[in-house]
Amino acid sequence: MHLVFISSLVPVAAPASGYDIANRVIADAIRLLGHKLSVIGFLQPGHQPASADETSLLGELEVTNARVGKIQKALWLKDALVHGEPVSVAKMHAVSPRDIRAALDALGPVDGLILNSVQLPGAFHDIFRAYPHVFIAHNVESRTAAGNAGQATNSMARMLYVRDSRLLVRLESELCTAARHVFTLAEADRIDLGLNEPGRSTALPLVTSVTPPEQAGARTPIYDAGMIGSWSWAANRAGLDWFLHHVVPLLPDDVSIAIAGGLGSQTPEAPSNVKFLGRVPDARAFVRSCRIIPLVSQTGTGVQLKTIETFEMGLPAVATTNALRGIADIPANCVRADDPAAFAEALQAQIERARSGNNLDNDGRIFHARQLEGLKQGLSSGLADWPSHG
């Protein structure tokens with residue numbers, strides 16, 4: 001079939017964020033099933049499209065709040081109020097309905113659309129709903145916004161998150177109702193979206209790339225524990241703060257901990273055994289330099305790509321239940337713990353085992369193969385009943 005992937009940000013050649021990785025993997029997996037896949041969406045500045053000859057760009061667009069100034073944020077808020085939409089959706093009005101129709105018409109006959117997340121599909125749903133389509137819910141966006149409201153430190157931010165959450169509840173319901181099939185990235189999200197009807201939805205396992213990981217060699221750790229992430233994002237920051245405030249004080253002072261990734265405008269307070277490295281040149285090399293990976297997510301929906309990457313690399317971990325959402329088969333070298341004391345105890349035990357010379361690493365290729373097969377099967381079942389133009 002000829003399908004069109006409708007996404008706020010198009011799949012890129014070198015994905016870095018969790019959203020970009022998921023986009024690229026899902027698009028690649030659809031092509032592995034034998035479908036022709038065209039793409040319509042914006043390109044984030046500094047990136048290149050993954051499949052330029054099959055991508056129709058609506059232009060370049062920076063959508064990350066932390067990377068734009070106050071004037072742009074004010075313009076987005078104005079558009080959100082004018083259109084009665086969540087702010088993330090209103091950002092998509094950098095183009096007009098005429099631009100969207102022209103991009104679709106230029107592709108010729110298509111069998112259906114794949115509406116990827118709420119942003120671009122939500123902004124122009126009146127156009128897209130005229131086509132047969134499925135919907136991919138990366139997260140339960142309304143719940144994430146509600147969680148951000150609870151974490152907001154000022155009344156204006158709290159009010160905007162509450163508004164977004166209310167509007168997203170309605171938008172997610174509309175997108176799910178209109179779609180022939182809905183894909184989520186976690187079983188819990190499928191239930192939260194009210195998709196209990198048999199055959200109506202599928203939770204997709206994810207990988208970080210359709211290409212199998214290389215067999216890992218021996219490691220020489222520098223740090224006892226380490227994490228990498230985009231810590232300026234509210235949901236990620238909530239996990240980091242929980243770890244620093246409630247887990248780290250329970251660990252011995254000689255446990256060395258490294259935190260890599262952007263922190264935004266404020267570096268959190270931490271004891272001297274915690275080092276903040278900022279952005280690192282090689283994310284995989286960094287995590288391989290850590291004996292154990294704490295997976296500390298406390299809020300948010302969807303799937304944690306950092307969890308999947310850790311498991312694909314075969315690295316030992318201690319993980320919260322929320323960090324394991326969307327993972328059906330948890331590797332044997334991962335310990336689940338939610339209470340801070342239990343988390344600290346499990347982390348210290350893993351560190352001591354590693355320090356004593358025990359090799360806690362797994363063969364991550366086994367996890368990857370299982371996840372990729374599940375992804376292809378899930379996509380195939382959800383796309384199975386579409387008529388094709390040939």
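Residues numbered from 1 in each chain as written. Predicted model: local features only at pLDDT ≥ 70, side-chain atom pairs only at ≥ 80, totals over all residues. Heavy atoms only, no water.

Peer 1: Please give an account of the pattern of salt bridges that cites residues and values.
Peer 2: For the structure shown, the criterion picks out 16 salt bridges. One salt bridge connects Asp192 with Arg143, and the closest N-O pair in it is separated by 2.4 Å. With Asp192 in helix α9 (residues 187-192) and Arg143 in helix α7 (residues 141-151), this pair connects stretches of sequence that are 49 residues apart. A relative accessible area of 40% means that Asp192 is categorised as partly exposed. A salt bridge links Arg190 to Glu187; the nearest nitrogen and oxygen atoms lie 2.7 Å apart. You can see Arg190 and its partner Glu187 sitting in helix α9, three residues apart, about one turn around the helix. (Salt bridge = Lys/Arg side-chain N within 4 Å of Asp/Glu carboxyl O. Helix = DSSP H or I, 4+ residues; strand = E, 2+ residues; numbered from the N terminus. Buried < 20%, exposed > 50% of the residue type's maximum accessible area, 1.4 Å probe, protein only.)

Peer 1: Explain the sheet that holds strand β10 (residues 274-278) to me, using residue names and the numbers behind them.
Peer 2: Ordered in space as β10-β9-β8-β11-β12-β13, the six strands form an open sheet in which the pairing is parallel. Each end of this open sheet is capped by a strand with a single partner; those strands are β10 and β13 (334-336). Neighbour-to-neighbour, the strand axes of this sheet turn through a mean angle of 25°, independent of strand direction. Where strand β8 (residues 223-228) and strand β11 (residues 290-295) come together, two bridges link them in parallel fashion. Bridge pairing in β11 places Tyr223 opposite Cys290. (Pairing = 2+ DSSP bridges. Axes fitted to C-alpha atoms, helices over the stretch in contact; angles between N-to-C directions.)

Peer 1: Kindly report on the environment of Asp339, identifying the contributing residues and their values.
Peer 2: Secondary-structure assignment places Asp339 in the loop between β13 and α13 (340-355). Residue classification places Asp339 among the partly exposed residues on the basis of a relative accessible area of 44%.

Peer 1: Talk me through the environment of Leu204; I want residue IDs and the actual numbers.
Peer 2: Summarising the element assignment, Leu204 is placed in the loop between β7 (201-203) and β8. Taking relative accessible area as the criterion, Leu204 reaches 2% and is therefore assigned buried. Not counting residues within four places of it along the chain, the set of residues in contact with Leu204 comprises Phe183, Thr184, Leu185, Leu375, Gly378 and Leu379. (Contact = heavy atoms within 4.5 Å.)

Peer 1: Account for helix α12 (residues 305-312), with residues named and values stated.
Peer 2: An α-helical turn contains 3.6 residues, so a residue and the one three or four places further along point in the same direction. Counting buried residues along α12, seven of its eight residues qualify, which places the element largely inside the surrounding structure. What α12 keeps buried is the set Leu305, Thr307, Ile308, Glu309, Thr310, Phe311 and Glu312. Of the surrounding elements, those touching the buried residues of α12 are α1 (18-32), α11 (283-288), β11, β12 (317-319), β13 and α14 (364-382). Residue Gly314 follows α12 closely and has a positive phi angle near 75°.

Peer 1: Go over the nonpolar core, please, and point to the residues and values.
Peer 2: Counting 51 residues, the largest nonpolar core has Leu3, Ile114, Leu206, Phe286, Phe311 and Leu375 as its most contacted members. Leave out the neighbours within four places in its chain, and Phe286 touches Tyr223, Gly226, Met227, Ile228, Ala258, Ala260, Leu277 and Val280. One finds Val89, Met92, Leu120 and Val140 within the second-largest nonpolar core, a separate group that totals 36 residues. (Core = buried A, V, L, I, M, F, W, Y, C linked by side-chain atoms within 4.5 Å.)

Peer 1: Lay out the sheet that holds strand β3 (residues 55-60) with the relevant residues and their values.
Peer 2: Taken in spatial order, the seven strands make up an open sheet running β3-β2-β1-β4-β5-β6-β7, and their pairing is parallel. The outermost strands of the open sheet, each flanked by one partner alone, are β3 and β7. Each neighbouring strand pair of the sheet contributes to a mean axis angle of 15°, computed without reference to strand direction. In this sheet, strand β6 (residues 182-184) lies alongside strand β5 (residues 133-137) in parallel orientation, the contact comprising three bridges.

Peer 1: Describe in detail the packing of aromatic side chains, supporting the description with residues and values.
Peer 2: A complete count under the given rule lists four aromatic pairs for this structure. Between Phe243 and Phe343, the aromatic rings sit 6.3 Å apart at their centres with planes inclined by 75°, giving edge-to-face as the arrangement. Within this pair, whereas Phe243 is found in helix α10 (residues 234-247), its partner Phe343 is found in helix α13, the two being separated by 100 residues in sequence. Note on accessibility: Phe243 and Phe343 belong to one class, buried. Arranged with centres 5.5 Å apart and planes meeting at 80°, the rings of Phe311 and Phe367 form a pair that is edge-to-face. With a gap of 56 residues between them, Phe311 in helix α12 and Phe367 in helix α14 connect regions that are remote in the sequence. Taking relative accessible area as the criterion, Phe367 reaches 4% and is therefore assigned buried. (Phe/Tyr/Trp six-rings, centres within 6.5 Å; stacked < 30°, edge-to-face > 60°.)

Peer 1: Lay out helix α2 (residues 70-83) in plain terms, naming residues and giving numbers.
Peer 2: For α2, built from 14 residues, the straight-helix expectation of 20 Å at 1.5 Å per residue is met to within 8% by its first-to-last C-alpha distance of 20 Å. Residues of α2 that are buried in the fold lie against α3 (87-90) and α8 (155-178). Phi turns positive, to about 65°, at Gly84, one or two residues after α2. (Expected span 1.5 Å × (residues − 1).)

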